[in-house]
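Observations on the three-dimensional arrangement
Listed below are the residues making up each chain.
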Amino acid sequence: MTQEKQPNDGIRRSQGKFDPFQETRQWSAAASEERCKRIARNIGKRLVEIIDTEDEPLPIICIFEDYPDD
């Protein structure tokens, strides 16, 4: 997805391989972006990045962080 076509919702989107051993933030695999958003709501975390690995059966990797203290 190019920069021009990305929604302005504060979520970084990318494509490519994902290395679960290098990722220090909480993450989960999902079937779609909408599932990532649902998971984030359910666990009370902020969805900060979505990676489309194109690997089946769950091609989307969702990266979460805690909400910043207000």
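Anything mentioned here points back to the structure above.
Computed from a predicted model, the values in this text were never measured in an experiment.

**Details of the overall build of the chain**
Per the secondary structure count, the chain includes 1 helix and 4 strands. Here the C-alpha atoms of the chain give a radius of gyration of 12 Å, agreeing with the 11 Å that 2.2 N^0.38 yields for 70 residues. Taking the principal axes of the C-alpha coordinates as reference, the chain spans close to 35 × 30 × 20 Å. Counting across all 70 residues of the chain, residues that qualify as buried make up 30%. Sequence-distant contacts, at least 24 apart, represent 54% of the contacts inside the chain between residues at least 6 apart. With an accessible surface of roughly 5200 Å², the chain has 46% of that area assigned to carbon and sulfur atoms. The distance from the centre of the 11 positive side-chain charges to the centre of the 15 negative ones in the chain is 4 Å.

**A few points about the state of the cysteines**
Per the stated rule, a full pass over the model turns up 1 disulfide. One disulfide in the model links cysteine 36 with cysteine 62; its S-S distance is 1.9 Å. Taking the sign of the S-S torsion, -75 degrees for the link of cysteine 36 and cysteine 62, the bridge is left-handed. Taken as a pair, cysteine 36 in helix α1 (residues 33–43) and cysteine 62 in strand β4 (residues 60–65) lie far apart in primary sequence, 26 residues in all. You can call cysteine 36 buried: its relative accessible area is 0%.

About the cut-offs
- Per chain, residue numbering runs from 1 following the sequence as it is written.
- pLDDT decides what is reported in this predicted model: residues at 70 or higher carry local features, side-chain atom pairs at 80 or more are listed and counted, and totals for whole chains, interfaces and linings draw on all residues regardless.
- Calculated side-chain values reflect all of the structure's heavy atoms, with hydrogen atoms and water omitted.
- Going along the chain from the N terminus, every DSSP run of H or I of four or more residues is numbered as a helix, and every run of E of two or more is numbered as a strand.
- As defined in this context, the radius of gyration uses C-alpha atoms, and a globule is described by 2.2 Å times the residue total to the power 0.38.
- With a 1.4 Å probe rolled over the protein chains alone, any residue whose accessible area is under 20% of its type maximum counts as buried; one over 50% counts as exposed, and the rest are partly exposed.
- Contacts were defined at the residue level, with two residues in contact if any of their heavy atoms lie within 4.5 Å.
- In these tables, accessible area is a Shrake-Rupley quantity obtained with a 1.4 Å probe, and a residue counts as shielded only by the protein chains included in the view.
- His is not counted, nor are the chain ends; Lys and Arg add positive charge and Asp and Glu add negative charge.
- Where a charge lies is defined by one atom per residue type: Lys uses NZ, Arg uses CZ, Asp uses CG and Glu uses CD.
- Criterion for a disulfide: a pair of cysteine sulfur atoms at a distance within 2.5 Å.

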